Amino acid sequence: MISFLQYDVEEGELLFSDDFEGDKLNDSWYATGGEWNVKNGVLIGESRTNWGDHLYTHKQYPGDIILDFYGTMIPPCENDLNYVFRTDGLYKEKGEDFTAYIGGLNGWWVNQSGLEKYPKCSPKALSGYKFESGREYHIQSGIVENSCFLVVDDKLLVVFEDNDPIIDPDCMRVGLGVYCSKIAFRKFRLYRANVHNVFREYTPEF
């Protein structure tokens with residue numbers, strides 16, 4: 001359960017999953033850069049450039065969604081464990097002008113973690129907490145109504161509200177990313193978000 005101020009969110013219908021079995025990516029994905037290799041249930045993404053190299057789903061997934069996966073920065077790499085949602089998948093063609101919500105751990109060149117909206121890099125929400133290289137993290141992130149969130153190991157790291165959320169029907173892909181980094185990904189799941197509106201109040205205990 002992921003709790004925000006006005007509602008609780010939990011995983012609903014499973015929309016897509018990939019356990020990265022076999023020795024190559026299945027046809028659900030396409031890459032626009034970087035090196036992507038599958039072995040023993042692990043997807044390894046690698047890029048040596050200061051450029052966002054992504055792996056996108058061909059299929060689009062509109063509505064309230066939650067990405068759920070495990071990721072590890074492979075030592076000595078200690079930066080940019082990245083992913084995207086509500087994206088047009090056109091970073092290679094458009095560069096910084098592509099459309100997406102981008103999330104990540106130890107990014108933004110100064111070991112910040114969080115979310116931002118492209119192409120204007122606003123709104124954004126970042127935390128200065130530095131995550132460890134070589135340690136696997138459970139990441140849950142997505143969008144509910146106009147709220148974007150990032151949960152790491154069952155703890156809400158950041159959340160922001162976007163008053164002009166991405167709604168273009170051609171910008172509904174999800175994906176994984178690297179940026180001058182080498183990352184291991186496991187057990188990718190995409191869920192429809194179940195949203196429960198709640199009333200919250202404090203009970204004085206003093």
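Placed above this text is the structure.
Residues numbered from 1 in each chain as written. Predicted model: local features only at pLDDT ≥ 70, side-chain atom pairs only at ≥ 80, totals over all residues. Heavy atoms only, no water.

Draft legend 1. How the structure looks around the side chain of S181. Within the secondary structure layout, S181 lies in the loop between β15 (173-178) and β16 (182-197). Among the residues examined, S181 registers a relative accessible area of 4% and is labelled buried. In this structure the side chain of S181 is engaged in a polar contact, spanning 2.9 Å, whose partner is the backbone nitrogen of Y179. Look past the residues within four positions of S181 in its chain and what remains in contact with it is G45, E46, S47, C77, N79 and D80. (Helix = DSSP H or I, 4+ residues; strand = E, 2+ residues; numbered from the N terminus. Buried < 20%, exposed > 50% of the residue type's maximum accessible area, 1.4 Å probe, protein only. Polar contact = N/O pair within 3.5 Å; in protein donor to acceptor, adjacent residues only side chain to side chain. Contact = heavy atoms within 4.5 Å.)

Draft legend 2. Structural context of unusual backbone geometry. The linkage connecting P75 with the following residue, P76, adopts the cis geometry, with an omega of 5°. Tracing the backbone through its elements, the reader meets P76 in the loop between β7 (65-73) and β8 (81-87). Here the residue pair S122 and P123 is connected by a cis peptide bond, since its omega of 0° sits within 30 degrees of zero. Tracing the sequence through the fold places P123 in the loop between β10 (112-118) and β11 (124-127). Look at R86: it is not a glycine, yet its phi comes out positive at around 45°. Mapped onto the fold, R86 is located in strand β8.

Draft legend 3. The environment of D68, seen in detail. Among the secondary structure elements, D68 is positioned in strand β7. On the accessibility criterion, D68 (7% relative accessible area) is buried. In this structure, the C-alpha to C-alpha distance between D68 and Y191, residues 123 residues apart in sequence, is 7.7 Å. Here D68 is in contact with E11, H138, I139, Q140, K187, F188, R189 and Y191, once residues within four sequence places are set aside. A distance of 3.2 Å separates the side chain of D68 from the side chain of Q140, its partner in a polar contact.

Draft legend 4. Structural context of the packing of aromatic side chains. Counting across every chain of the model gives 17 aromatic pairs. With a centroid separation of 5.5 Å and an interplanar angle of 70°, the aromatic rings of F16 and W29 are classed as edge-to-face. On the criterion of sequence distance, the pair formed by F16 in strand β2 (residues 7-18) and W29 in strand β3 (residues 29-31) is long-range, its members being 13 residues apart. (Phe/Tyr/Trp six-rings, centres within 6.5 Å; stacked < 30°, edge-to-face > 60°.)

Draft legend 5. Structural context of the pairing of β7. Here β7 lies mainly inside the structure; eight of its nine residues are buried. Examined bridge by bridge, β7 and β16 share eight bridges and lie antiparallel to one another. For G71, the partnering residue across the bridge sits in β16 and is F185. (Pairing = 2+ DSSP bridges.)

Draft legend 6. Layout of the environment of R48. In this structure, R48 sits in the loop between β5 (42-46) and β6 (53-57). The exposure class assigned to R48 is exposed, which follows from its relative accessible area of 73%. Each C-alpha atom, one on R48 and one on G22, is 25 Å from the other, the two residues being 26 residues apart in sequence. Here E46 takes part through its side chain, which lies 3.5 Å from a polar atom of the side chain of R48.

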